[in-house]
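What follows is each chain in one-letter form.
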Amino acid sequence: MLKIMIVDDELIVRVGFQSCINWEEYGCEIISTCESARDAITFFEKQVPDVVFTDIMMPEMDGIQLVEYICTHYSRTKVVVLSCINEIEYVKKAIKLGAEDYILKLSITRNTMIELISRLKEVIEKEGEKEGALELAGNASPLHREEDFRLLLSGSPVCPDFERLLDRMGFIFDPHVSYCSGCLLIDHLRTAMDQEDMDSYTRRYGLINIIKEYFGKLPRFELAFVGEGEIMVIFTLKAGEKLKVLLPDILKFLNHTLKTHLNLTLSMGLGSPCDERTQIPFSYQQAKEAAHLRFFDGEASLHENQAEEKAPIVINKDVQRKIQEAVFALDYREVSRLTDEWFEGMAAYRHFGQIEVIRRSVLKAWIFISGNTFQEVDDASEYDDSVFMADFWRAETIWDLKHCFQDELQMILNQLQANKAASPEIMGLLHYLETHVEENISLEEAARHCSLGKSQFCILFKKTTGITFVHYFNKLKMKKAYAMLSSGKIQVQEAADRIGIKDISYFSRLFKKYYHISPSDVKRL
């Protein structure tokens, strides 16, 4: 592999440069990122890179001095100058001193970087052939970190291949070190990563590189994405190295930078240190469970593995009944008070094992309060979808769950309030739509059903429901489809047919509009 060094005094430039391409894919490895020329020179004493990308204008020792130093002492290392438009005279000086090339910061793109790297590899290979002493990664396949990390989590610790995988990843047997796994979760994932493909690629590797910058002060580590919004970190600890002392402050500063530049934060969990490298997957499972404790503490939180298990939550049906009574009485203040009191009580059950229990408790309470049949079931997909909402299961924190619950209660309150003066014709139509969802009823047909003119019908319908007829009927169809799909008993095409939609592409687009996921993804919730 070509060994790459990046030197720039601005964090955002270092991270952006690292993230513009997948370096391993093109036979390169970034061995160091330095924020000063002096740091770069110090690193040269440990390891000599093949290529150095350096800024020109830096405090204390500038890029020109660094170019001169490298070209004098390490003539085989290629230097590429990173410059701005107004620094052309400095670029000429750097080239004269021996720099291989230059690139304008504002013109850095994926394609220009791939072209530049290919050219540099060709030059280095030719020089190596002349000297007869070159070993590039052209003879060895690059290590696919993410794939190896996933294999590590899915493999069996007693399998011989598992030991070989650990060797290949660099986690060798050493009685003098221990390993500690960490799990980083992107907070509010759907909002944070809702970008176009290219931008998502940049943000994904930009995130990894910012983490590497800040974690550089910690004991040696490796990290990679192992799932959507999930990053695995493995620390290699020598005797006396302090991970837990440094980590809280580093995570705090890291999240400040991430919020500033990428508008996201990370929550983190730590597993127990393990002396046996084969226990790394177990340590990571502990870390993942700990990271999910953000459910109680909110975003950008740090947690360690919990040993004790608390008694499971028991649904307080008296609370459910009281909230239902307050809703039917349109007592907004009492609904708010009871909801606050109930969620504060559940928040005290602070353990990973309680998270799903709390979600189910809230969902069951919602079923009871909304007036649907209440029954004990083991699978959320068995609930009546007229009340089942994917948002209950996607809520990352207990307070997100509370807001979701309150929003649904508010919808009932609004509907009950509106129904006091609702048109009997419209109420009759709503009941008819519930039982004829497989039909494609037009606006004109709906108006005729109510014996109303089209304009009068539109006004009365929106006054009663708060939305238009088309929106209401489409939403009802999608709700019914969600119920059928979540049962896991029918295919997407059949669900579409049952609600009167023959075009599967149109059905998928409409479904995603209302639920923000595809119909085929529902079964995985």
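Treat the numbers as computed from the prediction; the structure is a model and nothing was measured.

I keep staring at the environment of Arg-350 and nothing clicks. Help me out?
For Arg-350, the location among the structural elements is in the loop between helix H14 (332-346) and helix H15 (352-369). Take Arg-350: its relative accessible area is 28%, and that puts it in the partly exposed class. For Arg-350, the side chain forms a polar contact with the side chain of His-303, separated by 3.4 Å.

Would you mind going over the sheet that holds strand E7 (residues 221-227) with me for this structure?
Spatially, 5 strands are ordered E7-E8-E6-E9-E10 in an open sheet, and the strand pairing comes out mixed. Single-partner strands in this sheet number two, and they are E7 and strand E10 (302-304). Neighbour-to-neighbour, the strand axes of the sheet open up by a mean angle of 20°, direction not taken into account. As paired elements, strand E6 (residues 177-186) and strand E9 (residues 266-270) share 5 bridges and run antiparallel to each other. Across the sheet, residue Gly-182 finds its bridge partner in E9, namely Leu-270. Sitting on the sheet, helix H10 (residues 247-261) is in contact with E6, E9 and E10, with an inclination near 160° to E9. Lying over the sheet, helix H11 (residues 280-291) contacts E6, E7, strand E8 (230-238), E9 and E10, oriented at roughly 35° with respect to E6.

Before we go on, may I ask you to explain the sheet that holds strand E5 (residues 101-104) in this structure?
Neighbouring strands of a sheet are bound in pairs by backbone hydrogen bonds; such pairs are parallel or else antiparallel. Taken together, 5 strands build an open sheet; the order of strands is E2-E1-E3-E4-E5 and the sheet is parallel. Each of the sheet's edge strands pairs with one partner strand only, and the pair in question is strand E2 (28-34) and E5. Adjacent strand axes in the sheet meet at a mean angle of 20° when their direction is disregarded. Judged from the 4 bridges that link them, strand E1 (residues 2-7) and strand E3 (residues 51-55) form a sheet pairing that is parallel. The partner of Ile-6 across the bridge, within E3, is Phe-53. Packing against the sheet, helix H3 (residues 63-73) makes contact with E1, E3 and strand E4 (78-83), and its axis sits at approximately 160° to E3.

I tried to follow the packing of aromatic side chains on my own but got confused; where do I start?
The description of an aromatic ring pair uses the distance of the two centres, along with the angle that the planes make with each other. Taken as a whole and judged by the stated rule, the model has 20 aromatic pairs. Residues Phe-215 and Phe-235 carry aromatic rings whose centres are separated by 6.0 Å and whose planes lie at 35° to one another, so their mutual orientation is tilted. Of this pair, Phe-215 sits in helix H9 (residues 197-215) while Phe-235 is found in strand E8, placing the two residues 20 residues apart along the sequence. Residue classification places Phe-215 among the buried residues on the basis of a relative accessible area of 0%.

I keep staring at the pattern of salt bridges and nothing clicks. Help me out?
For the coordinates displayed, the defined rule picks out 25 salt bridges. Connected through shared salt-bridge partners, Asp-318, Arg-321, Lys-322 and Glu-325 make up one network.

Help me understand the pairing of E4, please; the structure alone is not making it clear to me.
In regular strands, side chains alternate between the two faces of the sheet. Counting buried positions over the 6 residues of E4 gives 6, a clear majority of the element. In E4, alternate side chains face the same way, and those of Lys-78, Val-80 and Leu-82 on one face and Val-79, Val-81 and Ser-83 on the other are all buried. Note that E3 and E4 share 5 bridges and pair parallel. Within E4, the position partnered with Val-52 by the bridge is Val-79. For the handedness criterion, the β-α-β arrangement of E3, H3 and E4 is classed as right-handed. Examined bridge by bridge, E4 and E5 share 4 bridges and lie parallel to one another.

The rules we used
- Residues numbered from 1 in each chain as written.
- Predicted model: local features only at pLDDT ≥ 70, side-chain atom pairs only at ≥ 80, totals over all residues.
- Heavy atoms only, no water.
- Helix = DSSP H or I, 4+ residues; strand = E, 2+ residues; numbered from the N terminus.
- Buried < 20%, exposed > 50% of the residue type's maximum accessible area, 1.4 Å probe, protein only.
- Polar contact = N/O pair within 3.5 Å; in protein donor to acceptor, adjacent residues only side chain to side chain.
- Pairing = 2+ DSSP bridges.
- Axes fitted to C-alpha atoms, helices over the stretch in contact; angles between N-to-C directions.
- Contact = heavy atoms within 4.5 Å.
- Phe/Tyr/Trp six-rings, centres within 6.5 Å; stacked < 30°, edge-to-face > 60°.
- Salt bridge = Lys/Arg side-chain N within 4 Å of Asp/Glu carboxyl O.
- Right-handed = clockwise from strand over helix to strand, strands pointing away.

So far we have only geometry, and geometry alone does not tell us how the molecule works.
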